[in-house]
Amino acid sequence: MGPIRDKGGRMKRFTADQVKVGFIGLGNMGSRIAQRLLDHGYQLSVYDLDLTKAKAMAAQGGVVAKNIVDLARTVDVVLSCLTNDEAVHNVYGGPEGFFAGAQPGTVVLEMSTISPETSRKLHRLGARNGIDVLDVAISGSTPAAEEGILTLLAGGNPELFRAAEPIFQAIAKQYFLLGGPGSGTAMKLVVNTLLGIGMQAIAEAVVLGEKAGLDRERLLEVLSHTALIAPAHMGKLARIAGNDYSPQFPLRLMNKDFQLILEAAAQEHVPMPAAEAAFRVNADELANGDEEDFSAVLRRMEKVAGVAAISAVT
């Protein structure tokens, strides 16, 4: 039995006084989630390929691990928030991966947006090493991560899900167990289908209004007062009004998620014509090479419709 179980073999709750926590991947979301854990009194060891990101956490009270194996030897629970499936395989597998150093009984809370199949592989790999894995996909923006009001979508062992609640409460407003391994990441693909297609729908509707002669700023303002805009898109309207496409949720990550969505759809034989169309526009805008928010598809649609030229003339 690992350190997170009591003498009766039951999993203890992962409170700050019971577990040492590791965090791998200190990007836009990861750094903010890690900060929340420090603020809630957790002992935190951190690792990122970019040492400056790890050192920034050290300044807040975290301990910088020399490498992933070193981190694995010293923690009871690890959270990871990584870019893609390949990064997850690299962090956990192989002689320099987390499973190479972790003790049986260690717990993994894997938070990356990856394919459900990769999540299931990670569960199987963990089980072979006596390690429990929960996929805990994140829904929410960087401001939501900073405020600790994320939504978490989990797949795996119900006992582990209950034990991890103190960690979830430090970083999230709500959290749901969807089913077995891979269910959390599958739900994330469902959520991000609506996020991506919804943004494309807004882009097309706004450009139609502009072409029909409506004032852009007034159009966006009135749209925000209708029941049609989802909360996840609401904050985008004011930023779009000021042509602010600085990344909160980068276009490149939405592009990656569209690929995961369409790969999953192909595997399950589900036709997704709207997702395919939205993905094409997303990819066209991404070809610009700028680091932009995923809402920049609106700028792409304006350009295609010749709206920018009309605005410049008037």
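For the structure given in this document, a descriptive report is provided here.

The rules behind each value
- Residues numbered from 1 in each chain as written.
- Predicted model: local features only at pLDDT ≥ 70, side-chain atom pairs only at ≥ 80, totals over all residues.
- Heavy atoms only, no water.
- Helix = DSSP H or I, 4+ residues; strand = E, 2+ residues; numbered from the N terminus.
- Buried < 20%, exposed > 50% of the residue type's maximum accessible area, 1.4 Å probe, protein only.
- Polar contact = N/O pair within 3.5 Å; in protein donor to acceptor, adjacent residues only side chain to side chain.
- Contact = heavy atoms within 4.5 Å.
- Phe/Tyr/Trp six-rings, centres within 6.5 Å; stacked < 30°, edge-to-face > 60°.
- Salt bridge = Lys/Arg side-chain N within 4 Å of Asp/Glu carboxyl O.
- Pairing = 2+ DSSP bridges.
- Core = buried A, V, L, I, M, F, W, Y, C linked by side-chain atoms within 4.5 Å.
- Axes fitted to C-alpha atoms, helices over the stretch in contact; angles between N-to-C directions.
- Parallel < 35°, antiparallel > 145°, perpendicular 65-115°, else oblique.
- Left-handed = near helix turned anticlockwise from the far one by under 90°.

1. What to know about the side chain of S115
As for its position among the elements, S115 is in the loop between β5 (107-110) and α6 (116-128). The exposure class of S115 is buried, given its relative accessible area of 15%. A distance of 3.0 Å separates polar atoms of two side chains, one belonging to S115 and the other to T118. Leaving out residues up to four positions away in the same chain, S115 has contacts with D85, T185 and L260.

2. Re unusual backbone geometry
Even without being glycine, N243 reaches a positive phi, approximately 50°. Its place among the elements puts N243 in the loop between α12 (231-241) and α13 (251-268). With a phi close to 60°, H269 is a non-glycine residue in the positive phi region. As for its position among the elements, H269 is in the loop between α13 and α14 (273-286).

3. Details of the packing of aromatic side chains
Enumeration according to the criterion identifies eight aromatic pairs in this entry. Pairing F161 with F168 gives two aromatic rings, centres 5.5 Å apart and planes at 50°, and the pair type is tilted. For F168, a relative accessible area of 1% gives the class buried. Joined through ring pairs, the aromatic side chains of Y92, F98 and F99 make up one cluster.

4. Overview of the pattern of salt bridges
Enumeration over the complete set of coordinates arrives at 14 salt bridges. Measuring nitrogen to oxygen at the nearest pair gives 3.9 Å for the salt bridge that ties K66 to D70. A relative accessible area of 68% means that K66 is categorised as exposed. Overall, the relative accessible area of 22% leaves D70 in the partly exposed class. D293 serves as the salt-bridge partner of K236, at 2.9 Å between the closest nitrogen and oxygen. Note that K236 is positioned in helix α12 and D293 in the loop between α14 and α15 (297-305), a separation of 57 residues in sequence. In terms of burial, K236 and D293 fall into one category: buried.

5. Things to note about the pairing of strand β4 (residues 77-80)
Every other side chain in a regular strand lies on the same face of the sheet, so the side chains alternate between the two faces. Covered by surrounding structure in β4 are V77 and L79 together with V78 and S80, the residues of both alternating faces. Pairing of strand β1 (residues 20-24) with β4 involves four bridges; the strand directions are parallel. Counted as the bridge partner of G22 is V78 from β4.

6. Focus: α12
Those residues of α12 not exposed but buried are H233, K236, L237, R239 and I240. The secondary structure elements touched by the buried residues of α12 are α10 (183-211), α11 (216-223) and α15. Phi turns positive, to about 50°, at N243, one or two residues after α12.

7. With respect to the sheet that holds strand β3 (residues 63-64)
Across the sheet, eight strands lie side by side as β3-β2-β1-β4-β5-β6-β7-β8; this open sheet has mixed pairing. Whereas interior strands pair on both sides, the edge strands pair on one side only; in this sheet they are β3 and β8 (172-179). Alignment of strand β2 (residues 43-47) against β3, held across two bridges, turns out to be parallel. Bridge pairing in β3 places V46 opposite V64.

8. Some thoughts on the environment of G140
Considering the arrangement of structural elements, one finds G140 in the loop between β6 (132-139) and α7 (142-147). Overall, the relative accessible area of 45% leaves G140 in the partly exposed class. It is 28 Å that separates the C-alpha atoms of G140 and A65, two residues lying 75 residues apart in sequence. Once residues lying within four places of it in the same chain are set aside, the contact partners of G140 are M29 and L150.

9. Looking at the nonpolar core
Formed by 41 residues in total, the largest nonpolar core has its most connected members in F14, F23, L37, L109 and L152. By residue number, the principal contributor to this core is helix α1 (residues 28-39), which donates five residues. With near-sequence residues (within four places) excluded, L37 lies in contact with V21, F23, Y42, L44, L79, I167, A170 and I171. In this structure, L223, F258, I261 and L298 belong to the second largest nonpolar core, which totals 32 residues.

10. Here's the deal with α15
Listing the buried residues of α15 in full gives V297, L298, R300, M301 and E302. Just past α15, the residue G306 takes up positive phi, approximately 75°.

11. Some words on the packing of α10 against α14
Angle between the axes and distance between the axes: these two values describe a pair of packed helices. Look at α10 against α14: their axes get within 9 Å of each other, and the N-to-C directions meet at 70°. Judged by the angle between their axes, α10 and α14 are roughly perpendicular. α14 is crossed by α10, and the crossing has left-handed handedness. Contact residues: G196, I197 and Q200 in α10; A274, A275, A278 and V281 in α14.

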